[in-house]
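Residues per chain are reported as follows:
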Amino acid sequence: MRVAALVLAAGRGERMGAAGPKALVSIAGHPLAVHAIEALAACDAIHLVVPVLPAASLDAPTTWALSARARAKLAPSVAGGAERQDSMQAGLAALPADVGLVAVHDAARVLVQPGDVARVIAAAARSGAALLAAPVRDTLKRVREGRVVATEPRESLWAAQTPQVFRVALLREALEKARAAGFQATDDAQLVERLGAPVEIVEGDPGNVKITWPADLAFAAATLREREEAS
Ligand code: CTP
Ligand code: MG
């Protein structure tokens, strides 16, 4: 079964506050989207990587210094939409017919490890849907008007990451039903959960963070450089 990855890179990056889209901000010598694409392309289970980019930046890949392996797996870019779910839909619509499994990934998660990508793909190949997640580490407080009203038990709470991997037909059905109901999810798995279909959790690395704020860039750049030196 052929496996494709969608690299969602079409957001504006408002919290980052850079001059251009966040996914095209460079750290450790390459744009965030390139680090994410390299991490996915390094996973042997992935055959095809589809960048979903802002419409004004569709030709950005011509300027990227990609490894030969990533270049060989790179598919034509797709223009994203107003919300993340719209960008995911645009990527999904562009997949070749022979792709059976799709890994949806945030370009902003540049630190994802190829081994974790392989494990979540293997889980979804068995069960139909799986995501990387990390157990919540902090104690969680429910707050109203600046005051704690409850301490939530955290034993069963996990923080969702990406990649989230699905059988293509299942994600298509989930997306169609969500659209018909006017439902916008904050991650892709939620669309499949709505169908009542099982979604498997694969414990990932808590370091697979989503670069969100300017301060996240220095941490990610240092980690990428460390890995480069160690390899
Ligand atoms: N994304 C996308 N299309 C959108 C919105 C988001 O492809 N319309 C992508 C982003 O590029 C990012 C990922 O989804 O890689 C996760 O979104 P987020 O971290 O929220 O990025 P932005 O939406 O770009 O940032 P912000 O919310 O601060 O504007
Ligand atoms: Mg956003």
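Below is a short write-up of the structure. The structure presented is a predicted model; accordingly, all values stated were derived computationally and were not measured. (Residues numbered from 1 in each chain as written. Chains lettered and ligands numbered in written order. Predicted model: local features only at pLDDT ≥ 70, side-chain atom pairs only at ≥ 80, totals over all residues. Heavy atoms only, no water.)

Details of the sheet that holds strand E1 (residues 2–8)
What counts here: Strand pairing follows a simple DSSP-based rule, namely that at least 2 bridges must link the two strands. For helices the rule is a DSSP run of H or I covering at least 4 residues; for strands it is a run of E covering at least 2, with both sets numbered from the N terminus onward. Contact between two residues is taken to exist if any of their heavy atoms lie within 4.5 Å; hydrogens are not considered. For helices, the axis comes from a line fit to the C-alpha atoms of the stretch in contact; other axes are also lines fit to C-alpha atoms, and the angle between any two N-to-C directions lies between 0 and 180 degrees.
Within the open sheet, the seven strands sit side by side as E5-E4-E1-E6-E10-E7-E11. Their pairing is mixed. Both outer strands of the open sheet, strand E5 (78–79) and strand E11 (200–203), are each paired with one neighbouring strand and no more. Bridge count between strand E6 (residues 99–106) and strand E10 (residues 158–167): four bridges; the pairing is antiparallel. The residue bridging Val 102 from the neighbouring strand is Phe 166, located in E10. Across the sheet, helix H1 (residues 32–41) lies against E1, strand E4 (48–53), E6 and E10, angled at about 165 degrees from E1, the strand it touches most.

Side note on helix H3 (residues 84–93)
Cut-off, in case you're wondering: Exposed residues in this analysis have more than 50% of their type's maximum accessible area, buried residues have under 20%, and partly exposed residues fall in between, with area computed by a 1.4 Å probe over protein chains only. An arc is given here, and it is the one of the directions from the helix axis to the C-beta atoms.
Buried residues of H3: Gln 85, Ser 87, Met 88, Gly 91 and Leu 92, and no others. Projected down its long axis, H3 shows its buried positions confined to an angular sector of 160 degrees, all on one face.

Quick look at the site of ligand 1
The criterion, for reference: Proximity is defined per residue: if any heavy atom of the residue lies within 4 Å of a molecule or strand, that residue is considered near it. Here a polar contact is recorded for every N or O atom pair within 3.5 Å, except that within protein the pair must consist of a potential hydrogen donor and a potential acceptor, and residues adjacent in sequence are included only if both atoms are side-chain atoms. Every accessible area reported is derived by Shrake-Rupley at a probe size of 1.4 Å, with residue values counting cover from the shown protein chains alone. As defined here, a cavity is a set of points on a 1 Å grid over the protein atoms alone where a 1.4 Å probe fits but cannot get out. A pocket is an open set with protein on both sides within 12 Å along at least five of seven lines, and residues line them when an atom is within 4 Å of a point. More than half of a molecule's atoms within 2 Å of the grid points is what it takes for that molecule to sit in a cavity or pocket.
Near ligand 1 there are 18 residues, and of these Leu 8, Glu 14, Arg 15, Lys 22 and Ser 87 occur at the shortest range. Between ligand 1 and Ala 10 there is a distance of 2.9 Å, counted from an oxygen atom to a backbone nitrogen or oxygen. Arg 84 is positioned such that a nitrogen or oxygen atom in its backbone is 3.4 Å from a nitrogen atom of ligand 1. Relative to its free-state accessible area of 560 Å², ligand 1 is covered by the protein chains to the extent of 88%. A molecule is said to occupy a pocket when more than half its atoms come within 2 Å of that pocket's grid points, and by this definition ligand 1 occupies the largest pocket.

Section: the nonpolar core
Our working definition: Buried Ala, Val, Leu, Ile, Met, Phe, Trp, Tyr and Cys residues that are joined via side-chain atoms within 4.5 Å together make up what is termed a nonpolar core.
Ranked by internal contacts, the top residues of the largest apolar core, which has 34 residues, are Ile 37, Ile 46, Trp 64 and Ile 121. Beyond its immediate sequence surroundings of up to four residues, Trp 64 is in contact with Leu 24, Pro 31, Ala 33, Val 34, Ile 37, Pro 51, Leu 53 and Arg 71. Counting residues in each nonpolar core, the second largest holds 30 residues, with Leu 48, Val 99, Leu 170 and Leu 175 among its members.

Examining the packing of aromatic side chains
Keep this limit in mind: What counts as a ring pair is set by centres within 6.5 Å for rings of Phe, Tyr and Trp (its six-membered ring), and what kind of pair is set by the plane angle: stacked under 30 degrees, edge-to-face over 60, tilted for all other angles. For a ring to carry a charge above it, either NZ of a lysine or CZ of an arginine must fall within 6 Å of the ring centroid while also lying within 35 degrees of the normal to the ring plane.
In this structure the tally under the stated criterion is zero aromatic pairs. The ring centre of Phe 183 lies 4.6 Å from the NZ or CZ of Arg 194, which sits over that ring.

A look at the pattern of salt bridges
Worth spelling out the cut-off: Within this document, salt bridges are pairs made up of a side-chain nitrogen of Lys or Arg and a carboxyl oxygen of Asp or Glu, the two lying within 4 Å of each other.
Counted according to the given criterion, the structure contains nine salt bridges. One salt bridge connects Asp 98 with Arg 2, and the closest N-O pair in it is separated by 3.1 Å. Residue Asp 98 is located in the loop between H3 and E6, and its partner Arg 2 is located in strand E1; the two are separated by 96 residues in the primary sequence. For Arg 84, the salt bridge is made with Asp 106, and the minimal N-O distance between the two is 3.0 Å. Of this pair, Arg 84 sits in helix H3 while Asp 106 sits in strand E6, placing them 22 residues apart in sequence. With relative accessibility at 28%, the residue Arg 84 sits in the partly exposed group. Look at the salt bridges and you will find they share partners, linking Arg 84, Asp 106, Arg 109 and Asp 188 into a network.

Some details on unusual backbone geometry
With an omega of 5 degrees, the peptide bond between Thr 162 and Pro 163 qualifies as cis. As for its position among the elements, Pro 163 is in strand E10. A positive phi is found at Ala 28, a non-glycine position, where the angle reads about 45 degrees. Looking at the secondary structure, you find Ala 28 in the loop between strand E2 (26–27) and strand E3 (30–31). Residue classification places Ala 28 among the buried residues on the basis of a relative accessible area of 11%. With a phi angle near 50 degrees, Glu 145 is a residue other than glycine that sits in the positive phi range. Mapped onto the elements, Glu 145 comes out in the loop between strand E8 (140–144) and strand E9 (147–152). Residue classification places Glu 145 among the exposed positions, given a relative accessible area of 82%.

Details of the side chain of His 105
Considering the arrangement of structural elements, one finds His 105 in strand E6. Look at His 105 and you get buried, because its relative accessible area is 0%.

Remarks on the pairing of E10
Looking at chain direction, strand E7 (residues 129–135) and E10 are connected through six bridges and run antiparallel. Residue pairing for E10: Leu 131 is matched across the bridge by Gln 164.

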